[in-house]
Amino acid sequence: MSTTDEHSKYQVEASHYEDGGHPDLEKTTSNEITIQHAPEGTASASKALFMLLKAFIGTGVIFLPASFKNGGLALSIALMVILGLICLVAFHLLVIAQSAVGGSYGDIAYRLYGRYCRYVVLFFLCVSQIGFVSSYLMFVSQNIHLVAEALSGCNPPFESKYWIWIVLAIVIPICWVRKVARLSYAAVIADIFILFGLICILYYTGKEINENGPGPNIIIYNQKDFALMIGTATFSFEGIGMVISIVEGMKEPRKFPMVLNIGMAIVIGVMVLIGTLGYVAYGENISASVVANLKTEPLSVTVQLLYAIAMILSSPFMLWPPLTIIERGIFGTKRSGQMKLKYKWGKNFVRALVACVPAAISFGVGSDNLDKFVSLVGIVACLPLCFIFPGMFHWKVTKNWWLRIVDAILIMWGSGILVYTLYVNISSWLEPSTSAPAVCHSLYE
């Protein structure tokens, strides 16, 4: 590298940090959490594939069966495949942009469009993470309530939404931990519980179909609500923030396109499988999360409880980007809690307030609206990150006009889908459809 190039790079980095950025901040901003990716330049292709699958196959898939009800079985399968393939193209474009300018998602925005674009990207990343955690808390409160009903003989101590505040009392102290690597065991436990839960979901849905046949009133094509399905499907691709960090962690980044192709094929297959089995098993009776449909017995109650624990342990990791961004925006990088106790507790207070935001949202929305809220988060936060920004970034780094046409189509398609699906989602809140009353099932029946 020439002296001029080195000087130019130094200027970019210096102005970036003076603008309020920090290398550690950028690592966390894109959900690039230390324990979830290998140190830079050490991961093999197989490990990168494992990290990719772990990033994308998680909580979001349990909401897919209900989204298949919104779209209809045949249309949902087709849309899931199409959206997955469009995501695959967008991720490839994002990786090309990253290889051209380097850095994390926020760095790419800054180096290609300036600090205001970086702020916009960070905003959407924060909104997506807070939206994810809000959905998690609704799901957790619903699951704990189901467990309480099963164990108390349908006489739980209070309504479902009040469990959110009890869960928050557990989440806040975990958010006070400054070094996320100290929570590595919690992340491993959460991953194991989620994997166990997904296996049990496949078992229960398959068993339901085998014993009782397909559920009632399965729709092949739902013209009215299919836009809600698009939002939930995009929500399921919640690992978008991990793509760049996985590339940076690879020993041979040139192999990542192959890893991405294989990984996305597996991800799409798993999502279609769970969405299809869940909807076919329970039909129009499918709940916002398929876990709520499982037959009440000791194993299913265990699954509901373990999934709730997994979400509680995952929430601080999902909140890490907004926690870090807001904390450093208020206190900067020099006011350390190790220097003065008031800084430490001031930061703890700020982190507690940040954790209260998704709790307040989930309490206000309620678990009855979980499916519509998940779709809303996918529309507002995930669509720009998955489709619009990758097209914008790649447009800046390529001179190939054919690829620029692809970029333009991706940007316009993402923007158009965002506006249309947002309109449909808002309409669903204004004109809510009637749902069947909840039926309590006790373990003692």
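Counting starts from 1 at the beginning of each chain's written sequence and moves along it residue by residue. Thresholds applied to this predicted model are a pLDDT of at least 70 for local features of residues and 80 or more for the giving and counting of side-chain atom pairs; totals over whole chains, interfaces and linings are not thresholded and use all residues. To get the side-chain values, take all heavy atoms of the structure and skip hydrogens and water.

Considering the pattern of salt bridges
In plain terms, the rule: Counted as salt bridges are all cases of a side-chain nitrogen of Lys or Arg within 4 Å of a carboxyl oxygen of Asp or Glu. Strands here are runs of E lasting at least two residues and helices are runs of H or I lasting at least four, both read from the DSSP assignment and numbered beginning at the N terminus. Burial here depends on accessible area, computed with a 1.4 Å probe over protein chains only, as a share of the maximum for the residue type. Under 20% is buried, over 50% is exposed, and the range in between is partly exposed.
Under the defined criterion, the tally for this structure stands at four salt bridges. Across the salt bridge formed by Lys54 and Asp191, the nearest N and O atoms sit 3.5 Å from each other. A residue pair is termed long-range when its members are at least 10 positions apart, and Lys54 in helix α3 (residues 45–56) and Asp191 in helix α9 (residues 184–212) qualify at 137 residues. Residue classification places Lys54 among the partly exposed positions, given a relative accessible area of 28%. When its relative accessible area of 31% is taken as the criterion, Asp191 is described as partly exposed. Connected through salt bridges with shared partners, the residues Glu252, Arg254 and Lys255 form a single ionic network.

Things to note about the packing of helix α5 (residues 73–101) against helix α16 (residues 401–430)
What counts, and what does not: Helix axes are fitted to C-alpha atoms over the stretch in contact, other axes to C-alpha atoms as well, and angles between N-to-C directions run from 0 to 180 degrees. These descriptions rest on fixed angle ranges, namely under 35 degrees for roughly parallel, over 145 for roughly antiparallel, 65 to 115 for roughly perpendicular, and the rest for oblique. Here is the rule for handedness: rotate from the far helix to the near one, and if that takes an anticlockwise turn smaller than a right angle the crossing is left-handed, while a clockwise turn gives right-handed. Here, residues are in contact when the closest pair of their heavy atoms is within 4.5 Å.
It is the contact of α5 with α16, at a shortest axis distance of 11 Å, that shows an interaxial angle of 125°. With respect to α16, the element α5 is oriented oblique. Pair α5 / α16 crosses with left-handed handedness. Touching Leu83, Ile86, Val89, Ala90 and Leu93 of α5 are Val406, Asp407, Leu410 and Trp413, all from α16.

Here's the deal with the confidence of the model for the protein chain
This is how the line gets drawn: Across the chain, each position has a pLDDT score giving the predictor's confidence in that residue, from 0 to 100.
The share of residues in the protein chain with pLDDT of 70 or more is 86%, and the mean pLDDT across the chain is 82. Taken element by element, the predicted model of the protein chain shows its lowest mean pLDDT in helix α1 (residues 3–18) (36) and its highest in helix α12 (residues 256–282) (93). Confidence over residues 1–39 falls short of pLDDT 50; this stretch has 82 contacts with residues more than four positions distant or in other chains.

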